[in-house]
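Tertiary structure, described
Read off the chains here:
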Amino acid sequence: NYIQVKAYHHVRAYSDNYQLVCDSLHYIGRDSLMTLCGMPILWSDSNQVVADTMTLYFVNGSLHHIYAIGKPFATRQVTTDYFDQLAGREMTAYVKDNELSEVKVSGNAQTVFYPKDDNGDIIGVNRTESSYVQIYIEDRKIHHVLFTTSTTGVLYPLDQLPRKDHYLGMFFWADKERPKNKEDIFNYPPRSERPKPIISSTDDD
């Protein structure tokens, strides 16, 4: 025998380490995996991941990694006004000690991120397009980024890039939907409409 959980319509879940909302959820204890469908959104600390479908893999009861397909988009709030962003066709995010440690994006990978100097001050905004990108995170900050050799990218001073270009076409921040505590799972704020993806000429075909 093994645990199996199915939940449908307005699914909301809260834990100290992560929170989620979706339309349907299916958890299979035998395989230690949870599938989220219907506009799933997963939050952890200042990170947010959205996609059409997400599969969460658990090891020894702890979230190990997330596989997202169908317009996956990851966002991390850097400041009130600035957000690191990742988008592509497929996304795998790894969790270590209950914190995001690594993210891989393949297929039309696009990024916007804000590198900082040794004092923690933002030095500009970096926009890139690539067929593949791999980001490593330490102490809740981007440590380094790996791209394919065909990557196009530019580091702009903050005041030289129009505000609209600080956001990818799939930018989506749904903090109003996020359960903030255990009691909040019984509140049902309206779901936000997702932006439609903008197809880029950079691809891995």
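**Digging into empty space enclosed by the protein**
Counted by the stated rule, this structure contains one cavity of 30 Å³ or more. The volume enclosed by the largest cavity comes to roughly 140 Å³. Forming the boundary of the largest cavity are 16 residues, of which Asn 47, Arg 76, Asp 84, Leu 86 and Ile 137 lie nearest the centre. At the level of secondary structure, the elements contributing two or more residues to the lining of the largest cavity comprise β5 (47-50), β8 (73-77), β9 (83-87), β11 (99-113) and β12 (125-138). No other element matches the five residues that β11 contributes to the lining of the largest cavity. In the lining of the largest cavity, the residues fall into nine nonpolar, five polar and two charged.

**Side note on the pairing of β5**
Taking every second residue as pointing to the same face, both faces of β5 are buried, with Asn 47 and Val 49 on one and Gln 48 and Val 50 on the other. In terms of strand pairing, strand β4 (residues 41-44) meets β5 through four bridges, oriented antiparallel. Following the sheet pairing, Ser 44 is matched in β5 by Asn 47. From the end of β4 to the start of β5, which pair antiparallel, there are two residues, and Asp 45 there has a positive phi angle of about 55°. Two elements, β5 and β8, share four bridges in a ladder whose sense is antiparallel. Within β8, the position partnered with Val 50 by the bridge is Phe 73.

Parameters at a glance
Residues numbered from 1 in each chain as written. Predicted model: local features only at pLDDT ≥ 70, side-chain atom pairs only at ≥ 80, totals over all residues. Heavy atoms only, no water. 1 Å grid on protein atoms, 1.4 Å probe; cavity = no way out; pocket = protein on both sides within 12 Å on 5 of 7 lines; lining within 4 Å. Points joined across faces, edges and corners; volume = space filled by probe spheres on them. Helix = DSSP H or I, 4+ residues; strand = E, 2+ residues; numbered from the N terminus. Nonpolar A, V, L, I, M, F, W, Y, C, P; charged D, E, K, R; others polar. Buried < 20%, exposed > 50% of the residue type's maximum accessible area, 1.4 Å probe, protein only. Pairing = 2+ DSSP bridges.

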